[in-house]
Amino acid sequence: MLDNDLVGFADPNTVSDNDNEDNEISNIKKKISKKSGGFQSMALSFPVLKGILKRGYKIPTPIQRKTIPLALEGRDIVAMARTGSGKTACFLIPLFEKLKARQAKTGARALILSPTRELTLQTLKFIKELGRFTGLKAAVILGGDNMENQFSAIHGNPDIIMATPGRFLHICVEMDLQLKNVEYVVFDEADRLFEMGFGEQIQEIVNRLPESRQTLLFSATLPKILVDFAKAGLNDPILLRLDVDSKLPEGLTLSFITCRSEEKLAVLLCLLKRIIKPESQTIIFAETMHHVEYIHQILDKAGISNTFIYSNLDPSARKINAAKFQIGKVKVLIVTDVAARGIDIPHLDYVINFNFPAKSKLFVHRVGRCARAGRVGMAYNIVSADEYPYLLDLHLFLGRPLTIVPTAGTTENMESAVGKMPQTMIEEELAVLINWHNTSTDLTNMQRVCNNAYQQYVRSRPGASTESVKRVKELRINEAGVLPQYSDVSQTTADIISKMKNYRPQGVSMIFYLYIYVRTLCVCVMKTKRVFHKENILNFHKKVEERKINEINTASELSQKVNLPSSNAEEINAAFNTVVVPKKRSSDDLYKISKKKKRVMKRDEEYYIPYFAPDKHTEDGLAVNTFATEADKAQMDLTADNEESRHLQTQLKKWDRKKKKMVTIEKDPKAKKIRTESGVWIPATYKTNRYNMWKEKSKIEDNIEDDSEEESSQMKNLRTTANTHWARHNQKLKDKVKVKSELKRPEQILKARKLLDRKRQKNGRRNKKGRKNNKRKH
């Protein structure tokens, strides 16, 4: 995509631009006042503001409006922002404002770390557009690219380095790179950086950075490992959360469909075949990789074009499958939570939760992928009986009432209601599924694997709150009626089927009534058991009837309530001779009281020494709105989607006396690793001799010239990075332009000797020719 790793932007003095455009920008700047909330009110320098307006930005997004002023103050920031919220400009605009202009001799002053090469190149594109009037230079360090070109890019002293952590650490170790001049560090998509296993690399890079740096960290979620990193590596950070987890997009509609666990696939097929339009894009979330493969096989049988992604899938296959869905070649994508990280589909229409998430924040994370940027979207949630407590936890988290569709009566204003799908629709698809499983051994085997995987998932799934487990029994979600949007089936048929489905016999002993005259041990045991519990059964039925009667009575009392008229002051005075009211104080009394309480404290702030430190309450853990407390509220960890990852999450742990908690025991963490100067163990493959070989090949001088020396105009024009014919030609011209030093390198001495030998040989030949000619003349 790029010809060179080092990208230069035009100097503001040499940029040719029309005077009319400059006048237009200055006029816009004058017209918009500081109260407008635009970029003009942020006190940005003219080159930065000009680049912003040329890019077409007029009004900052909410995350930009909050982040940029704090970043300009030099504060460390942890910002939680969704993809597409304008977070790239959040860290680029303060970066341009801090670096100001090009400094050729200083070296890299800003570092941007991204998890993928695509995101790094996308950031480079924004830097070229927004910073084209600043004259700053940027170098791109990506894994898989030619390392020699990256060595030359670093030697070009770029102002900004954009890199992926693995290759950048490799470059740092190879070149023994000093990052002492870095002032500004950005971790873009930081949660993905740690999810992809870059934790050690990031820690080593941070140890090489100066402590006086400013750090900005952007993330969509906030896992625990990221919170710990922010506490240790950032200086008094501010947590910005504008996409609060409890807030759903305005254009998003929720639908909760209850069913038995064995009917989930049938409900999914009903949604995809009869409810969702074929041209719409849909994401299906499943819990494990086995469920993803199983659903993929079922949808292939049903003739629905689909693709799938999970964490164990080959990276190239993941990229191909994601591209198929993004370009619209297939309309259904089946994913797990781990695999769905980083997939951005701006025009997504539907989200289906095949397995209801155990965490409310995870639910918001899933359904928040649709209904973006003012669009509308729909989220269907298939809920079985063991997931009802999590459904109640979600409504408590969102602060919404749990509306259950009644079996009979009005179904108006049933938005986000909990109900069923008509049983006739489910039975049709269920019969087809049973037929497929009877004729295909692959589906039967896959179903068995999914059942085992679900049992493993249930064991590792976090439990719902105890209050929700208790309340679910009283809510009677099983008795919910058919949702209004599926009411095309006659109501009588649905009522009969729901009554048959919800029927439960009073006791198991009814089975033995057919054999009442047979004196077997089973019959005697059941009869005795039923007689023993008869009183409890009757009391239970009485309580159920009383509860129904109380509900009817409370409803009638509420309807019969009459609003009583309020009394006025005349009626009160006529009824009571003495009325005691609080004493009203005059303005003079209030002035005297305030004068007594007001004590003027005169102190010289320069020499005043307080009794306590200003941050004493924060150190004692008594501060209210600290980063630690806010981060704990925003914390969210994704559950693994395969057995291996789940085992790593729940591996052997031991009690740490210092940390006062259980910590995992890692198996041989030092295997095939080397220890750096900062004490971090990194892979041993990083330290090779490629940089020294490149220096000898390229004849790069080890001696670095002083920063005070300025480059001449001839040297600036001859600066190139690619190892081509013109680069070697320019290098020769540079050597001529440079002032010759008194001390010569070994290569120069050897070259001089060779030239001297050649001259002597030529002179010797000439002398021989001269002698021969003289002899001939004589």
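What counts as what
- Residues numbered from 1 in each chain as written.
- Predicted model: local features only at pLDDT ≥ 70, side-chain atom pairs only at ≥ 80, totals over all residues.
- Heavy atoms only, no water.
- Helix = DSSP H or I, 4+ residues; strand = E, 2+ residues; numbered from the N terminus.
- Buried < 20%, exposed > 50% of the residue type's maximum accessible area, 1.4 Å probe, protein only.
- Contact = heavy atoms within 4.5 Å.
- Areas by Shrake-Rupley, 256 points an atom, 1.4 Å probe, with all protein chains shown as cover.
- Expected span 1.5 Å × (residues − 1).
- Arc of directions from axis to C-beta.
- Pairing = 2+ DSSP bridges.
- Axes fitted to C-alpha atoms, helices over the stretch in contact; angles between N-to-C directions.
- Salt bridge = Lys/Arg side-chain N within 4 Å of Asp/Glu carboxyl O.
- Parallel < 35°, antiparallel > 145°, perpendicular 65-115°, else oblique.
- Nonpolar A, V, L, I, M, F, W, Y, C, P; charged D, E, K, R; others polar.
- Phe/Tyr/Trp six-rings, centres within 6.5 Å; stacked < 30°, edge-to-face > 60°.
- Patch = residues over 30% accessible without salt bridge, like charges linked within 9 Å, V, L, I, M, F, W, Y side chains within 5 Å.
- Polar contact = N/O pair within 3.5 Å; in protein donor to acceptor, adjacent residues only side chain to side chain.
- Lys, Arg positive; Asp, Glu negative; His and termini not counted.
- Charge placed at Lys NZ, Arg CZ, Asp CG, Glu CD.
- Left-handed = near helix turned anticlockwise from the far one by under 90°.
- pLDDT = per-residue confidence, 0-100.

A.B. asks: Describe the overall build of the chain, listing the residues and the values that go with them.
C.D. replies: Looking only at helices and strands, one finds 30 helices and 19 strands in the chain. Put simply, the chain has 778 residues, and 39% of those count as buried. By sequence separation, contacts in the chain at least 24 residues apart represent 76% of the contacts at least 6 residues apart. If you sum the accessible surface of the chain, you get close to 48,200 Å²; carbon and sulfur atoms cover 52% of it.

A.B. asks: Go over helix H13 (residues 315-326) with me, naming the residues and quoting the values.
C.D. replies: Here H13 contains 12 residues, and its C-alpha end-to-end distance of 16 Å stays within 8% of the 16 Å for a straight helix at 1.5 Å per residue. Listing the buried residues of H13 in full gives Asn-321, Ala-322 and Phe-325. With its buried residues spanning 100° around the axis, H13 presents them on a single face. Residues of H13 that are exposed and point over 90 degrees away from its buried face: Lys-319 and Ile-320.

A.B. asks: Go over helix H14 (residues 360-367), please, and point to the residues and values.
C.D. replies: Of all eight residues that make up H14, eight are buried, and the element is covered over most of its length. Turning to H14, its buried residues number three or more, namely Ser-360, Lys-361, Leu-362, Phe-363, Val-364, His-365, Arg-366 and Val-367.

A.B. asks: Tell me about the sheet that holds strand S9 (residues 252-258), and please be specific about residues and values.
C.D. replies: If you walk across this open sheet you meet the seven strands as S11-S12-S10-S13-S14-S9-S15, and the pairing is parallel. For this open sheet the edge positions go to strand S11 (306-309) and strand S15 (418-419), each flanked by a neighbour on one side alone. Of the pairings in the sheet, the one linking strand S10 (residues 282-285) to strand S13 (residues 350-353) comprises four bridges and is parallel in character. Directly across from Thr-282, in S13, lies its bridge partner Tyr-350. Against the sheet, H13 contacts S10, S11 and strand S12 (332-335), and its axis sits at roughly 140° relative to S11. Of the strands in this sheet, S9, strand S14 (377-383) and S15 are in contact with helix H15 (residues 388-398), which crosses S9 at around 155°.

A.B. asks: Lay out the pattern of salt bridges with the relevant residues and their values.
C.D. replies: Counted by the stated rule, this structure contains 20 salt bridges. Notably, a salt bridge pairs Glu-129 with Arg-55, separated by 2.4 Å at the nearest N-O pair. Residue Glu-129 is located in helix H5 (residues 117-130), and its partner Arg-55 is located in helix H2 (residues 46-55); the two are separated by 74 residues in the primary sequence. Assessed through its relative accessible area of 31%, Arg-55 is described here as partly exposed. Linking Lys-273 and Glu-429 is a salt bridge whose minimum nitrogen-to-oxygen distance equals 3.3 Å. Of this pair, Lys-273 sits in helix H11 (residues 264-275) while Glu-429 is found in helix H16 (residues 423-439), placing the two residues 156 residues apart along the sequence. Via salt bridges that share partners, Lys-273, Arg-274, Glu-428 and Glu-429 belong to a single interconnected network.

A.B. asks: Got a sec to walk through unusual backbone geometry? Specific residues and values, please.
C.D. replies: Non-glycine residue Asp-176 carries a positive phi angle of around 50°. Examined against the element boundaries, Asp-176 turns out to sit in the loop between helix H7 (165-175) and strand S6 (184-187). A positive phi angle is found at Glu-189, which is not glycine, with a value near 50°. For Glu-189, the position within the fold is in the loop between S6 and helix H8 (190-195). Relative accessible area serves as the criterion here: at 8%, Glu-189 is assigned to the buried category.

A.B. asks: Before we move on, could you go through the packing of helix H12 (residues 289-302) against H16 and cite the residues and values that matter?
C.D. replies: For the pair H12 and H16, interaxial distance at closest approach is 12 Å and the crossing angle is 105°. Relative to H16, H12 is oriented roughly perpendicular. Residues Tyr-294, Ile-298, Lys-301 and Ala-302 of H12 form the contact with H16, whose participating residues are Leu-433, Trp-436 and His-437. Here the contact of H12 with H16 is built from residues that sort into five nonpolar, one polar and one charged.

A.B. asks: Can you lay out the environment of Ala-43 for me, pointing to particular residues and giving the numbers?
C.D. replies: With respect to the helices and strands, the residue Ala-43 is situated in the loop between helix H1 (19-31) and H2. Spatially, the C-alpha atom of Ala-43 lies 9.3 Å from that of Pro-69, the residues being 26 residues apart in sequence.

A.B. asks: If you had to explain the packing of aromatic side chains to someone new, which residues and values would you point to?
C.D. replies: Summed over all chains, the structure comprises 12 aromatic pairs. For the ring pair Phe-91 and Phe-218, a centre distance of 5.5 Å and an interplane angle of 55° mean the geometry is tilted. Placement of Phe-91 in helix H4 (residues 87-99) and of Phe-218 in strand S7 (residues 214-219) is noted, with a sequence separation of 127 residues between them. Neither Phe-91 nor Phe-218 differs from the other in exposure class; each is buried.

A.B. asks: Can you lay out a nonpolar patch on the surface for me, pointing to particular residues and giving the numbers?
C.D. replies: Taken together, the side chains of Tyr-608, Tyr-611 and Phe-612 make up a nonpolar region of the molecular surface, amounting to roughly 440 Å² of accessible area. Topologically, Phe-612 is positioned in the loop between helix H23 (587-597) and helix H24 (616-619).

A.B. asks: Which residues make up the side chain of Asn-381, and what values do they have?
C.D. replies: Mapping Asn-381 onto the fold places it in strand S14. Take Asn-381: its relative accessible area is 0%, and that puts it in the buried class. Looking at Asn-381, its side chain comes within polar contact range of the side chain of Asn-353, at 2.5 Å.

A.B. asks: Lay out the pairing of strand S2 (residues 77-80) in plain terms, naming residues and giving numbers.
C.D. replies: Of the two faces of S2, the one lined by Ile-77 and Ala-79 and the one lined by Val-78 and Met-80 are each fully buried. Pairing geometry for S2 and S7, over four bridges, is parallel. Paired with Met-80 across the two strands is Ser-219, which belongs to S7.

A.B. asks: Give me the lowdown on a positive patch on the surface, citing residues and values where you can.
C.D. replies: A contiguous patch of positive charge on the surface is contributed by Lys-699, Lys-754, Arg-758, Lys-759, Lys-762 and Arg-765. Of note, Lys-759 is situated in helix H30 (residues 746-777). Note on Lys-759: relative accessible area 54%, which makes it exposed.

A.B. asks: Lay out the packing of H11 against H16 in plain terms, naming residues and giving numbers.
C.D. replies: Contact geometry for H11 and H16: axes closest at 8 Å, N-to-C directions at 115°. Taken as axis vectors, H11 and H16 run roughly perpendicular relative to one another. The hand of the H11/H16 crossing is right-handed. Contact with H11, carried on its side by Leu-265, Ala-266, Val-267, Leu-269, Cys-270, Lys-273 and Arg-274, involves Met-425, Ile-426, Glu-428, Glu-429, Leu-430, Leu-433 and Trp-436 of H16 and no other residues of that element.

A.B. asks: Would you mind going over the confidence of the model for the chain in detail, with residue names and values included?
C.D. replies: The pLDDT averaged across the chain works out to 77; a share of 70% of its residues lies at or above 70. Confidence over residues 506-516 falls short of pLDDT 50; this stretch has 13 contacts with residues more than four positions distant or in other chains. A low-confidence stretch, residues 702-712 stays under pLDDT 50, and its non-local contacts, those more than four residues away or across chains, total 10 contacts.

A.B. asks: Pulling in residues and values, what's your account of the pairing of S13?
C.D. replies: Taking every second residue as pointing to the same face, both faces of S13 are buried, with Tyr-350 and Ile-352 on one and Val-351 and Asn-353 on the other. As paired strands, S13 and S14 are joined by four bridges and run parallel to one another. Pairing of Asn-353 across the sheet is with Asn-381, part of S14.

A.B. asks: Tell me about the environment of Ser-152, residues and numbers included.
C.D. replies: Turning to its location among the elements, Ser-152 is positioned in helix H6 (residues 147-155). Ser-152 gets classed as buried once you look at its relative accessible area, which sits at 14%. Note: C-alpha distance between Ser-152 and Ser-698 (546 residues apart in sequence) is 9.3 Å.

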